[in-house]
Amino acid sequence: MKLASGTAPVTGYLAAGAALGLGTDGAASNNDLDMFEAMRQAAFLHKLVSRDPRMVPAKTALEMATLGGARALGLQDKLGSIEVGKLADVIAVRTDRPRQVPMYDPISHLVYTTHGDDVVMTVVNGRVLMKDGVVRTLDEAAVVRDAAAARVHGLVVVSSGFGESGPEGWEAQQALVRTARASGLRVLGPNALGFINT
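Worth saying up front: this structure is predicted, and the values here are computed from it rather than measured.

What counts, and at which threshold
Residues numbered from 1 in each chain as written. Predicted model: local features only at pLDDT ≥ 70, side-chain atom pairs only at ≥ 80, totals over all residues. Heavy atoms only, no water. Helix = DSSP H or I, 4+ residues; strand = E, 2+ residues; numbered from the N terminus. Buried < 20%, exposed > 50% of the residue type's maximum accessible area, 1.4 Å probe, protein only. Contact = heavy atoms within 4.5 Å. Areas by Shrake-Rupley, 256 points an atom, 1.4 Å probe, with all protein chains shown as cover. Expected span 1.5 Å × (residues − 1). Axes fitted to C-alpha atoms, helices over the stretch in contact; angles between N-to-C directions. Parallel < 35°, antiparallel > 145°, perpendicular 65-115°, else oblique. Left-handed = near helix turned anticlockwise from the far one by under 90°. Nonpolar A, V, L, I, M, F, W, Y, C, P; charged D, E, K, R; others polar. Pairing = 2+ DSSP bridges. Core = buried A, V, L, I, M, F, W, Y, C linked by side-chain atoms within 4.5 Å.

Asker: Looking at this structure, how should I read the overall build of the chain?
Answerer: The helix and strand tally for the chain stands at 8 helices and 6 strands. Listed N to C, the secondary structure of the chain is α-α-α-α-α-β-α-β-β-β-α-β-α-β in terms of helices and strands. Out of the 198 residues belonging to the chain, those deemed buried represent 23%. Relative to all contacts within the chain whose residues are 6 or more apart in sequence, the contacts with residues 24 or more apart total 54%. Within the structure as shown, the chain displays about 13,000 Å² of accessible surface, and the carbon and sulfur contribution to it stands at 58%.

The structure is reproduced here in structure tokens:
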């Protein structure tokens, strides 16, 4: 939604039996890697687009984020659900925060109420990576400090859409490229992002 690049016809895909996965779009275009937010937005967006509150219910959004993603990758026999013989990938979520009570439907709460910071334990392939909200596999404070130090100082987006508006659009695109380069920014091709750290 942030990039206004359109809406996939998810309800049609679901009706056709397509394998649909759900994920975040990465920090560069989503600013957030919260799968709970992704589930919530997928459910809300398709209710809005279809003008039907029954579309993409919480259970469907949760399945798209778990087993649906595994199916889309062809890995449904190895992950995506808690079953004997599959990888032990599981999270534990707090459900006692004020916004989470009372709870009438656990699946609805996971999709519509839970946030990524409600996760208190993460297990991947049987290995505990985070417990009691503390990441055990890296120094979280150091990662946050390094990320803050590596902040982006320049960003250039060159869209192929400039040329669609005729010579004026092409000239505007070239002016943008010249200005960006004169400022010391690297410019990548159409629909690409250039990040320059100084």
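Asker: Sorry if this is basic, but what is going on with helix H3 (residues 35-50) here?
Answerer: Each turn of an α-helix holds 3.6 residues, which means side chains three or four residues apart point in the same direction. For H3, built from 16 residues, the straight-helix expectation of 22 Å at 1.5 Å per residue is met to within 8% by its first-to-last C-alpha distance of 22 Å. All of the buried residues along H3 are Phe-36, Ala-38, Met-39, Arg-40, Ala-42, Ala-43, Leu-45, His-46 and Lys-47. Looking one or two residues beyond H3, the residue adopting positive phi is Arg-51, at roughly 55°.

Asker: Please explain the packing of H3 against helix H4 (residues 58-65) as it appears in this structure.
Answerer: Helix-helix packing: each pair is described by the crossing angle between the helix axes and the interaxial distance. Where H3 contacts H4, the axes come no closer than 9 Å and their chain directions differ by 135°. In terms of their interaxial angle, H3 and H4 are classed as oblique. Seen from above, H3 lies across H4 with right-handed handedness. Residues Met-35, Met-39 and Ala-43 of H3 form the contact with H4, whose own contacting residues are Ala-61, Leu-62 and Ala-65. Tallied by class, residues from the contact of H3 with H4 come to 6 nonpolar, no polar and no charged.

Asker: Any chance you could explain the pairing of strand S2 (residues 119-124) here in plain terms?
Answerer: On a regular strand, one side chain projects to one face of the sheet and the next to the other, so that they alternate. Pairing of strand S1 (residues 90-93) with S2 involves 4 bridges; the strand directions are antiparallel. Counterpart to Val-90 in the pairing with S2 is Val-123. Bridge count for S2 against strand S3 (residues 127-131) is 4 bridges, and the pairing is antiparallel. Considered in S3, the bridge of Val-124 is made with Arg-127. A loop of 2 residues connects S2 with S3, the two strands running antiparallel in sequence, and Asn-125 in this loop sits at a positive phi of about 50°.

Asker: Help me understand the nonpolar core, please; the structure alone is not making it clear to me.
Answerer: Nonpolar side chains tend toward joint burial in soluble globular proteins. With 15 residues, the main nonpolar core has Val-10, Leu-22, Met-39, Val-56, Ala-61, Met-64 and Val-111 as its most contacted residues. At the level of elements, H3 and H4 are the ones that each hand at least two residues to this core. Element by element, the count of residues in this core is highest for H3, at 5 residues. Among residues more than four places away in sequence, those in contact with Val-10 are Leu-20, His-46, Val-56 and Met-64.

Functional significance is not addressed by these values, which are geometric in nature.
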